[in-house]
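# Observations on the three-dimensional arrangement
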Amino acid sequence: QGHSSFHPSTNDIVSASAIKIKGGHARNIKGENVEWETPRALSIDDIKATVQDYKKAAELCKEAGFDGVEIHAANGYLIDQFLQSSTNKRADEYGGSQEKRIRFLKEIFEAISKVYPAGRIGFR
């Protein structure tokens, strides 16, 4: 999770579910230790828009001359938050079973595969 101070236009942080990290601290844009914030769970519309953001990012990579892209789906970042049952408590088509929790990543891959062939898309 990040801190809302890094997102001045929305003052918002998002996740698969609205679950606050316990213990430790975050750092704000000034580098100060602050309490973790509770993220806002992405809506279905937010998820669809985020998938399109990944596709647009791939298009920009291709335009810049990159021969492929890597999808970062680990280490607690947004996609990983959907994959993990501890951070994904959704009751819709993106939560619950493993098949549903992987849906976000699958949709991102499918969108990016319209820009790059599957052999040029890596996963982390």
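The text that follows walks through the structure, step by step, so that each part is easy to find. (Residues numbered from 1 in each chain as written. Predicted model: local features only at pLDDT ≥ 70, side-chain atom pairs only at ≥ 80, totals over all residues. Heavy atoms only, no water.)

## Considerations on unusual backbone geometry
Positive phi is not limited to glycine here, since Asn-11 has a value of about 50°. Following the sequence through the fold, Asn-11 ends up in the segment before β1 (14-15). What makes Asn-11 exposed here is its relative accessible area of 55%. Despite not being glycine, Asn-75 has its phi angle at roughly 60°, a positive value. (Helix = DSSP H or I, 4+ residues; strand = E, 2+ residues; numbered from the N terminus. Buried < 20%, exposed > 50% of the residue type's maximum accessible area, 1.4 Å probe, protein only.)

## A short note on the pattern of salt bridges
The tally for this structure, following the rule as stated, stands at eight salt bridges. One salt bridge in this structure joins Glu-35 and Lys-20, with 2.3 Å as the shortest N-O distance. With Glu-35 in the loop between β3 (33-34) and β4 (40-41) and Lys-20 in the loop between β1 and β2 (26-27), the pair connects residues that are 15 residues apart, well separated along the chain. Given the relative accessible area of 58%, Glu-35 is considered exposed. Asp-67 is paired through a salt bridge with Arg-120; the nearest N and O atoms lie 3.3 Å apart. Here Asp-67 is found in the loop between α1 (44-63) and β5 (69-71), whereas its partner Arg-120 is found in the loop between α4 (103-112) and β6 (121-123), with 53 residues between them in sequence. Judged by its relative accessible area of 43%, Arg-120 falls in the partly exposed class. Among the charged side chains, a salt-bridge network with shared partners connects Asp-12, Arg-40 and Asp-46. (Salt bridge = Lys/Arg side-chain N within 4 Å of Asp/Glu carboxyl O.)

## Concerning the side chain of Ser-17
Inspection of the secondary structure assignment puts Ser-17 in the loop between β1 and β2. Exposure remark for Ser-17: the relative accessible area of 6% places this residue in the buried category. Within the structure, the side chain of Ser-17 is placed 2.7 Å from the backbone nitrogen of Lys-89, a separation counted as a polar contact. If sequence neighbours within four positions are ignored, Ser-17 has contacts with Pro-39, Ala-41, Thr-87, Asn-88, Lys-89 and Arg-90. (Polar contact = N/O pair within 3.5 Å; in protein donor to acceptor, adjacent residues only side chain to side chain. Contact = heavy atoms within 4.5 Å.)

## Side note on the nonpolar core
It is characteristic of soluble globular proteins that their nonpolar side chains tend to be buried jointly. Core analysis: the largest hydrophobic core is formed by 20 residues, its most contacted members being Ile-71, Ile-79, Phe-82, Phe-104, Ile-108, Ile-112 and Tyr-116. Residue assignment for this core shows that the elements contributing at least two residues are α1, β5, α2 (78-83) and α4. Of the residues forming this core, the biggest block, five residues, is contributed by α4. Residues within four places of Tyr-116 in sequence aside, it is in contact with Ala-58, Cys-61, Lys-62, Phe-66, Asp-67, Gly-68, Val-69 and Ile-121. (Core = buried A, V, L, I, M, F, W, Y, C linked by side-chain atoms within 4.5 Å.)

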